[in-house]
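Listed here are the chains, written in short residue letters.
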Amino acid sequence: MKRSTLILLKTLTWAACLGPAILLTYQAVTNTLGPDPTANIELTTGYNTLLLLILSLAITPLRKFVPRLGWLIKFRRLLGLFAFFYGTLHMLAYVALYAGFNVSAMLDDIAKRKFITMGAATWLLLLPLAATSTNWAIRKLGGKNWNRLHKLVYVAAVCGIVHYWWQVKPGVLAPMNLTISLAVLLALRPVLVWWQRRRVRPVAA
Ligand code: HEM
């Protein structure tokens, strides 16, 4: 891919990823966050965390099954870090707007409301992944250990989906699209392993 095309695509990706945060900031400044501003901020940041996480997970199967899309790898870290960015905004919005920085209320909430427990667990799973996303960390950990650690992203995505289902009212099916997307990506993992083995296996004499 030409360097100029790559720069254009990266710029568009940055713009798309920053879009929800810019919109929330604009709505906050113009007082148009809607009837429940806290919920608007929390739901927008939570949804985008999960969406970006799942999009980042889609990159590996896409580039493995379609070799021409190998360049997509240059976008995986970006999407993963933006997922962590929204996850952190989401967590901070909870700390500030729901819990009012009251540590004991937060701990109580984490202990008593299972969807909050799951949200906190999800964010904690994302933390070491974001912290080890630099080239320096990859070199320090070694490729094998880094890959092993970063498998946690699948656990985080599943926990995020569970958190989403536990958060919606019974009968609400809003989490279904992301759930199906993640299920497809998880189902593709063994297929991918089989596909790669098939490609590298020497032809029998
Ligand atoms: C300390 C960590 C977290 C806390 C305390 C937390 C808390 C919350 C709360 C209170 C809501 C509901 C807002 C409302 O109904 O008004 C919510 C929604 C949500 N959260 Fe979290 N969360 C956390 C981490 C995460 C993470 C890491 C993800 C994604 C991987 C996530 C994804 C979502 C989603 C998808 C929703 C629903 C959005 C929607 O309905 O459109 N949360 N969270």
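Scroll up to find the structure this text is about.
From a predicted model like this one, the values you see are computed outputs, not experimental measurements.

Thoughts on the packing of helix α1 (residues 3-29) against helix α2 (residues 37-65)
- One way to put it is that α1 packs onto α2 with a least axis distance of 11 Å and a crossing angle of 175°. When the interaxial angle is binned, α1 and α2 end up roughly antiparallel. Residue-level inspection shows C17, P20 and L24 of α1 in contact with α2, the latter providing I41, T44, N48 and L52.
- Taken together, the residues that form the contact of α1 with α2 break down as 5 nonpolar, 2 polar and no charged.

With respect to the environment of A99
- Examined against the element boundaries, A99 turns out to sit in the loop between α3 (73-98) and α4 (103-112).
- Judged by local crowding, A99 falls into the partly exposed class, with 17 C-beta atoms found within 10 Å.
- Measuring from C-alpha to C-alpha, the distance between A99 and D109 comes to 8.8 Å, with 10 residues separating the pair along the chain.

Section: the packing of helix α8 (residues 152-167) against helix α9 (residues 176-200)
- Between α8 and α9, the shortest axis-to-axis distance is 10 Å and the interhelical angle comes to 155°. In this view, α8 runs roughly antiparallel relative to α9, as classed from their interaxial angle. Considering the relative orientation of α8 and α9, their crossing is left-handed. Between α8 and α9, the residues in contact are Y154, A157, I161 and Y164 and L178, T179, L182 and L186, respectively.
- Among the residues forming the contact of α8 with α9, the class breakdown is 7 nonpolar, 1 polar and no charged.

Parameters and conventions
Residues numbered from 1 in each chain as written. Predicted model: local features only at pLDDT ≥ 70, side-chain atom pairs only at ≥ 80, totals over all residues. Axes fitted to C-alpha atoms, helices over the stretch in contact; angles between N-to-C directions. Helix = DSSP H or I, 4+ residues; strand = E, 2+ residues; numbered from the N terminus. Parallel < 35°, antiparallel > 145°, perpendicular 65-115°, else oblique. Contact = placed C-beta atoms within 7 Å. Nonpolar A, V, L, I, M, F, W, Y, C, P; charged D, E, K, R; others polar. Buried ≥ 20, exposed ≤ 12 C-beta atoms within 10 Å, placed from the backbone. Left-handed = near helix turned anticlockwise from the far one by under 90°.

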